[in-house]
Amino acid sequence: MPVFIAVLVIAAAIAIHSFIGGFSTNDANAATHASSAYVLDLDADSFDQVIAEGVVLVDFWATWCAPCRIQNPIIDELGKAMHEVAQITKLDVDDHGPIAARFGVRSIPTLIIFKDGEVVERFMGVQQKETLRTAIEKYL
């Protein structure tokens, strides 16, 4: 019986590794960094300035996060659809952990809508484009 359990543990580890690490580095980068021209990548220098005015959606994400890879094309579509009325942005939590901690981001993707620098709405997990669009429109 212990051999059977060991085989199951090894098989599970291989499956998880294949799922998470199954992309080549180039494929993973293409899947996570292929932001549209309408989505702004934030950093520590730009974050506070960008969220200070208007309606801004920030997608807190990481390159290794599978749900974030699912959310990424949705954010790109939203950016293209709403770039004239709201700023759609992304912040890599691995590169900017203190900012994520400042807003209590404990799981990713977390999406926060800011209005003139104040948090007005928060979503955790993958969200559909229409859900986010409807939420943003409430604050325009």
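Let me begin by describing the structure that accompanies this report. (Residues numbered from 1 in each chain as written. Predicted model: local features only at pLDDT ≥ 70, side-chain atom pairs only at ≥ 80, totals over all residues. Heavy atoms only, no water.)

**With respect to the overall build of the protein**
Looking only at helices and strands, the protein has 6 helices and 5 strands in total. Beginning at the N terminus, the succession of helices and strands in the protein can be written as α-α-β-α-β-α-β-α-β-β-α. Per-residue burial for the protein yields a buried fraction of 39% across its 140 residues. Contacts in the protein between residues at least 24 apart in sequence constitute 71% of all its contacts with a sequence separation of at least 6. A total of about 7,900 Å² of accessible surface is found on the protein, and carbon and sulfur atoms cover 59% of it. (Helix = DSSP H or I, 4+ residues; strand = E, 2+ residues; numbered from the N terminus. Buried < 20%, exposed > 50% of the residue type's maximum accessible area, 1.4 Å probe, protein only. Contact = heavy atoms within 4.5 Å. Areas by Shrake-Rupley, 256 points an atom, 1.4 Å probe, with all protein chains shown as cover.)

**A few points about helix 4 (residues 66-82)**
Helical geometry note: an α-helix holds 3.6 residues per turn, so side chains three or four residues apart project in the same direction. When the terminal C-alpha atoms of helix 4 are compared, their 25 Å separation across 17 residues agrees well with the 24 Å that a helix rising 1.5 Å per residue should span. Of all the bends found along helix 4, the most pronounced is centred on Asn-72 and spans about 25°, while Pro-73, a proline, follows it within four residues. Here helix 4 has its buried residues at Ala-66, Cys-68, Arg-69, Gln-71, Asn-72, Ile-74, Ile-75, Asp-76, Leu-78, Gly-79 and Met-82. (Expected span 1.5 Å × (residues − 1). Bend = angle between axes of the 7 residues up to and from the residue.)

**Focus: the nonpolar core**
Counting 20 residues, the largest nonpolar core has Phe-47, Val-58, Phe-60, Phe-103, Ile-108 and Phe-114 as the members making the most contacts within it. Every element with two or more residues in this core is listed here: helix 3 (47-51), strand 2 (55-61), helix 5 (97-102) and strand 4 (110-115). Looking at which element gives the most residues to this core, the answer is strand 2, with 4 residues. Sequence-distant contacts of Ile-108, defined by excluding residues within four places in its chain, comprise Phe-60, Trp-61, Ala-62, Trp-64, Cys-65, Cys-68 and Val-93. With 15 residues, the next largest nonpolar core counts Leu-57, Ala-86, Leu-111 and Tyr-139 among its residues. (Core = buried A, V, L, I, M, F, W, Y, C linked by side-chain atoms within 4.5 Å.)

**As for the pairing of strand 5 (residues 118-124)**
When strand 4 meets strand 5, the two strands line up antiparallel, connected through 6 bridges. Within the sheet, the bridge partner assigned to Leu-111 lies in strand 5 and is Phe-123. Connecting the antiparallel pair strand 4 and strand 5 is a turn made up of 2 residues, with Asp-116 showing a positive phi of about 50°. (Pairing = 2+ DSSP bridges.)

**Things to note about helix 6 (residues 129-137)**
Taken together, the buried positions of helix 6 are Leu-132, Ala-135 and Ile-136. The buried side chains of helix 6 occupy one side of the element, clustering within an arc of 100° when seen end-on. Of the surrounding secondary structure, the elements contacted by the buried residues of helix 6 are strand 2, helix 4, strand 3 (87-92), strand 4 and strand 5. (Arc of directions from axis to C-beta.)

**Remarks on the packing of helix 4 against helix 6**
The geometry of helix 4 relative to helix 6 is characterised by a closest axis approach of 10 Å and an angle of 45° between their N-to-C directions. Relative to helix 6, helix 4 is oriented oblique. The two elements helix 4 and helix 6 cross, and the hand of that crossing is right-handed. Of helix 6, the residues touching helix 4 (which contributes Gln-71, Ile-74, Ile-75, Glu-77, Leu-78, Ala-81 and Met-82) are Lys-129, Leu-132, Arg-133, Ile-136 and Glu-137. For the contact of helix 4 with helix 6, the residue count by class is 7 nonpolar, 1 polar and 4 charged. (Axes fitted to C-alpha atoms, helices over the stretch in contact; angles between N-to-C directions. Parallel < 35°, antiparallel > 145°, perpendicular 65-115°, else oblique. Left-handed = near helix turned anticlockwise from the far one by under 90°. Nonpolar A, V, L, I, M, F, W, Y, C, P; charged D, E, K, R; others polar.)

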